[in-house]
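One letter stands for each residue in the lines below.
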Amino acid sequence: MQDIELGKTEKSRDSFTLPFALLRSSVVVAFAVLAVGFWLLQVVQYDKYRQLAENNHRRTVGLSAPRGVVVDRDGRVLVQNRNSLNISLVRDQVQDLDKTLSLLAEVSGVSSTSLWSAVEQHRRDPAYRPVVLIRDASLDQVAAVTAHAIELPELLVQQLPTRYYPAAEVAAHLFGYVGEVSDVQLSTSEFQGVRGGTVVGKSGLESGYNELLMGNDGTRQVVVDSVGREIDVLGELPPREGRQLQLTLDYDLQEAAEDAFALAGFDGAAVVLDPRSGELLALVSLPAYDPNAFAMGIDTENWSALNQDSRRPLNNRALQGRYSPGSIFKIAMAVAALEEGIVTPEFRVSCGGGATFYGRFYQCHATHGSVDMREALEKSCNTYFYTLGQKMEIDQIHRWATALGLGEMSGIDLPHEVQGLVPSTAWKREQRGEPWYPGETISVAIGQGPVSVTPISLAVMMATLTNGGTRITPHLLKAVNEGDGWMPVRRPVPRAEVELDPLTLGAVTDGLWYVVNRAGTGGRGRVEGRDVIGKTGTAQVISLEGRVAAGNAGRDDLRDHGWFVFAAPAGAPEIAGVVFGEHNEHGYLSAPIAKHIVETYFAKQAGRPRPVLPLPSSPVASELQAVQSLEALP
C-alpha cells in the first residue's frame, strides 16, 4: 500500500517537472533570440539604424554644382545656368508611397505615371538620397506642395542650377544638350563616381567637354521638425562650379550664317575655319532644336516628335552628314593631276557638250569649247575632268584627295563625327570583292559615284589648299578658367603636312579666283576688294532616271544638293569654309550665304558695324523664288 502511494507521488512530481522544464527552455530560447536580435540591431546594423535615427531630426541635402559657363572668343556668354525649383522625395521618410504620389499628382497636376516613373528610375539609389519628382516646378506647384506640408512631410523643394542657352536654337548642334546620366554611361570608366540623377552632357560640346564642365556637388546638414521643415543648419560643404570655357567660336559669324540660311529658305550646314590655326569660327546645322528643352529632362512627346521629324533636326549635318561632293571634287582632281605630273595647268580639252569614254557618252552641263585647267575650274567643265579621270588611276586620286582631308576624320574636338569615303582599289576589293574598273573613275572625277564627304572635311580641304599644305585640326576650345584667370589651351597639332608644288597652288588658286570674280558659277559669293576664291558644286541625290522610277520627279527630298566652298583673301587667307544647301538644287544659291559670312568677318576686323541682310525681296531671296517659280511651270 505504501509502495502504491509512493508511486503516485513520483508520478505527480514528474508531471509538474516536465512543463516547468519546457517553460524554462522556452525562456532561455526567447532570451537567446532577443540577444541575437539586439546584437544584429546594435552591432551588425548599427550604422544603418543610426542613420535612420539621425534622419528623424537631421537631413543631408545634396547641393548640385552648376556646370561651367561657356563664352565665345570675344567673351560673350553663350551657355550659362539659371535657378529652378525641383520637388523631390525623401524615400526613407515615406510611410505610404502610393498615398504620397497620389496626393502629389492631385495637387500638382502631374500624372501619377510620371511620378512613379521617376521613383522607379532611381530605385537602386540609396534611400536617403532625394529623388526628383517634378523638375523646374512652377510657383503654383511649389505653393501647393508647401500648403500640404503636413500631409506630405517626405517632399522637399530644392533650388537647383539648370542649364540655360540664351540663344535657343543658334549653334544648337555645336553646344549639344544635357540630361540625366544613363545606366550605360554609369557603366563606363568616364562616369566612375558619378551618382544616378546627375545631369551630364549628352551631345556636342556639353558631351565632349563634360569632365571640364561638371563641377563637384556639395552637401548641407540640416535639422528638420516633425513635418520636414528645416529649422537649423548644422554644416555645409558648398558645391564647386564647373570650369569656364572660352571657345574659338565667333558668335557674330555664327549668327550671320544662320540668318542668311533663314533668308535663303533651305536647310543645310556651314563650317567656317581660320585656315592658319584651325580655329572653328562657326558651325551650322539646320534644322536645329532648342537645347533648353533638354535641360530639365525632355518629355516623351517632344522627344518622339524630334525623332520622327522627317527633316531630322537632331542630325548634325556638319559632322555627320555624308553627301556626294559634286563639282567641288574637281579641286582635288586638279591637285592630283598636277602633283602626279599627269598634265600641266596649260593642258587643254575641247568640250563639245560632252565626250565618249570607254564606249559611253558622258554629258557636260554646257558646251565650253577649248579650256585649260584654270578655265575648266572657272566654268566647272565636266568634260575636262572626265578626261583627267581617264588619264588617272583611282589610287592616285585617292592619295591626294585624302591628303587634303576628304574621306578622313577631321579630328575636331566634338563627338560623333563620321568619316566620308574616297574609293580606292583596296576599298572595292575589301567591300565588294571586285577589281576597280577604269570606267568607274569617270564618275568619281566629277564627285559622283561612291565618293561621299562631310561638310567639315570640305572646309578642311579648303584650309589645307589655301594655307599652303598644312592639314590643320579643327578645334573649338580656346581657353579654360578654373577660377584664377583664363589659361590658353595648346593648339592641336596638324593632322598632316602636304607637300604641294607652288605651281599647283598657283594654278588651282587662279581657277578658284576665276570662279568667283570672272564669269564662273560662284559670282554670287564675290566681295569687292576681298579676293574671295571658291567653287560651286551640285550633287545629285538621285539620277533623273531614278526620279522617274520613284514616281514623282518633283519631290522635294529628291532635289539636288548645292555646295559652295570658299576662302579669303586669295594668297593669304584668314577665313575658309563651306556652305551646304540641302535640296536647294544649285550650288550658286549657297554662295550668297558665304558672301554674308565673309562680309561680316571683314567688317568686324575693320571695326565696322555688321552688314545687315537685305529684305526678302533681295537678290538672294529673288533668285531662290525665281528658281522655284520656273520649276512650278508646266
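Since we're looking at a predicted model, the values are computed, not measured. (Residues numbered from 1 in each chain as written. Predicted model: local features only at pLDDT ≥ 70, side-chain atom pairs only at ≥ 80, totals over all residues. Heavy atoms only, no water.)

## Quick look at the overall build of the protein chain
Just so we agree on the cut-off: Helix and strand definitions follow DSSP, with helices as H or I runs of at least four residues and strands as E runs of at least two, each counted in order from the N terminus. Residue burial is assigned from relative accessible area. The probe radius is 1.4 Å, only protein chains are included, and a residue is buried under 20% of its type maximum, exposed over 50%, and partly exposed in between. For this analysis, residues touch if any pair of their heavy atoms sits within 4.5 Å. Here, Shrake-Rupley sampling with a 1.4 Å probe gives the accessible areas, and only protein chains in the shown set may cover a residue.
In terms of helices and strands, the protein chain carries 24 helices and 23 strands. In the protein chain, which comprises 634 residues, the share counted as buried stands at 49%. Sequence-distant contacts, at least 24 apart, represent 71% of the contacts inside the protein chain between residues at least 6 apart. Accessible surface, the protein chain as shown: approximately 29,900 Å² in total, 52% of it carbon and sulfur.

## Description of the pairing of strand β23 (residues 575-581)
Counting buried residues along β23, 7 of its 7 residues qualify, which places the element largely inside the surrounding structure. Burial of the side chains of β23 extends over both faces: Ile575, Gly577, Val579 and Gly581 are buried on one face and Ala576, Val578 and Phe580 on the other.

## Focus: the environment of Phe191
Secondary-structure assignment places Phe191 in the loop between α7 (183-186) and β7 (199-201). For the pair Phe191 and Asn210, spaced 19 residues apart in sequence, the C-alpha to C-alpha distance is 9.9 Å. Other than its neighbours up to four places away in sequence, Phe191 contacts Val181, Gln185, Leu186, Val200 and Asn210.

## Digging into the side chain of Glu154
How we decide: For the purposes of these results, a polar contact is taken to be a pair of N or O atoms within 3.5 Å, where, inside protein, one atom must be able to donate a hydrogen and its partner to accept one; residues adjacent in sequence count only when each atom of the pair is a side-chain atom.
Its location among the elements puts Glu154 in the loop between α5 (139-147) and β5 (155-164). One polar contact links Glu154 to Thr100, side chain to side chain, over a distance of 3.0 Å. Once residues within four sequence positions are removed from consideration, Glu154 is found in contact with Ser88, Leu89, Val90, Gln93, Val94, Gln95 and Thr100.

## Structural notes on the confidence of the model for the protein chain
Rule in force here: Note: pLDDT gives the predictor's confidence per residue, expressed from 0 to 100.
Mean pLDDT over the protein chain stands at 87; residues scoring 70 or higher make up 85%. Ignoring residues within four places in sequence, the model shows residues 544-553, a span with pLDDT below 50, making 10 contacts including any to other chains. A low-confidence stretch, residues 617-634 (pLDDT under 50), is modelled with 20 contacts involving residues beyond four sequence positions or located in other chains.

## Examining the packing of aromatic side chains
For any pair of aromatic rings, the description rests on two quantities: the centre-to-centre distance and the angle between the ring planes. As a reminder of what qualifies: For Phe, Tyr and Trp, where Trp contributes only its six-membered ring, two rings pair if their centres lie within 6.5 Å, and the inter-plane angle classes them as stacked under 30 degrees, edge-to-face over 60, or tilted in between. Here, a charge over a ring is recorded when the distance from Lys NZ or Arg CZ to the ring centre is within 6 Å and its angle to the ring normal is within 35 degrees.
Taken as a whole and judged by the stated rule, the model has 16 aromatic pairs. Plain terms: the ring middles of Tyr289 and Phe294 are 5.6 Å apart, the flat faces sit at 70 degrees to each other, and that makes the pair edge-to-face. An identical accessibility class is assigned to Tyr289 and Phe294; each is buried. Members of the aromatic cluster, joined through ring pairs, are Tyr177, Tyr289, Phe294 and Trp303. Lying across the ring of Tyr514, Arg518 places its NZ or CZ 3.7 Å from the centre.

## Let's talk about the pattern of salt bridges
What counts, and what does not: Any carboxyl oxygen of Asp or Glu within 4 Å of a side-chain nitrogen of Lys or Arg constitutes a salt bridge here.
Within this structure, the stated rule accounts for 27 salt bridges. Arg311 is paired through a salt bridge with Asp267; the nearest N and O atoms lie 2.8 Å apart. Remark: Asp267 occurs in the loop between α10 (251-264) and β11 (268-273) and Arg311 occurs in the loop between α12 (300-308) and α13 (317-320); sequence separation between them is 44 residues. Between Glu375 and Arg348 there is a salt bridge, and its shortest N-O distance comes to 3.2 Å. One end of the pair, Glu375, is in helix α15 (residues 373-379); the other, Arg348, is in the loop between α14 (330-339) and β13 (349-351), with 27 residues separating them in the sequence. You can call Arg348 partly exposed: its relative accessible area is 41%. The network of salt bridges with common partners includes Asp74, Arg76, Asp250, Asp252, Glu255, Asp259, Lys604 and Arg610.

## Quick notes on the sheet that holds β23
We count it as follows: Strands are labelled as partners when DSSP assigns at least two bridges between them. Axes, fitted as lines to C-alpha atoms, cover a helix only where it is in contact. Angles between the N-to-C directions of the axes lie from 0 to 180 degrees.
With respect to topology, 5 strands assemble into an open sheet ordered β12-β11-β23-β22-β21, the strand pairing being antiparallel. Two strands lie at the open edges of the sheet, namely β12 (280-286) and β21 (533-539), each paired on one side alone. Going from strand to strand, the sheet's axes swing by 5 degrees on average, the running direction of each strand aside. Sheet analysis places strand β22 (residues 561-568) next to β23, joined by 7 bridges and oriented antiparallel. Bridge pairing in β23 places Phe564 opposite Val579. Taken strand by strand, α10 contacts β11, β12 and β23, and its axis lies near 30 degrees from that of β12. On the sheet, helix α21 (residues 502-517) packs against β21 and β22 and is oriented at approximately 75 degrees with respect to β21.

## With respect to the packing of α14 against helix α17 (residues 394-403)
Note the cut-off: In this scheme, roughly parallel covers angles under 35 degrees and roughly antiparallel covers those over 145, while 65 to 115 is roughly perpendicular and the rest are oblique. Working rule for handedness: look at the near helix, and if it is turned counterclockwise from the far one by less than a right angle, call the crossing left-handed; if clockwise, right-handed. Only Asp, Glu, Lys and Arg are considered charged in this grouping, and only Ala, Val, Leu, Ile, Met, Phe, Trp, Tyr, Cys and Pro are considered nonpolar; every other residue, Gly among them, is considered polar.
Orientation of α14 relative to α17, taken along the N-to-C sense of each, is 115 degrees, at an axis distance of 9 Å. Between α14 and α17, the interaxial angle falls into the category roughly perpendicular. The handedness of the crossing between α14 and α17 comes out as right-handed. Here α14 contributes Ala332, Met333, Val335, Ala336 and Glu339 to the contact with α17, which in turn contributes Gln396, Ile397, Trp400 and Ala401. Class assignment of the residues belonging to the contact of α14 with α17 gives a composition of 7 nonpolar, 1 polar and 1 charged.

## Considerations on the nonpolar core
Worth spelling out the cut-off: In this text, buried Ala, Val, Leu, Ile, Met, Phe, Trp, Tyr and Cys residues form a nonpolar core when linked through side-chain atoms within 4.5 Å.
One finds Phe175 and Phe329 to be the most contacted residues of the largest nonpolar core, which totals 95 residues. Look past the residues within four positions of Phe175 in its chain and what remains in contact with it is Leu78, Val79, Tyr165, Val170, Ser203, Gly204, Leu205, Glu206, Leu247 and Leu249. One finds Leu281, Ala288, Phe294 and Val579 within the second-largest nonpolar core, a separate group that totals 35 residues.

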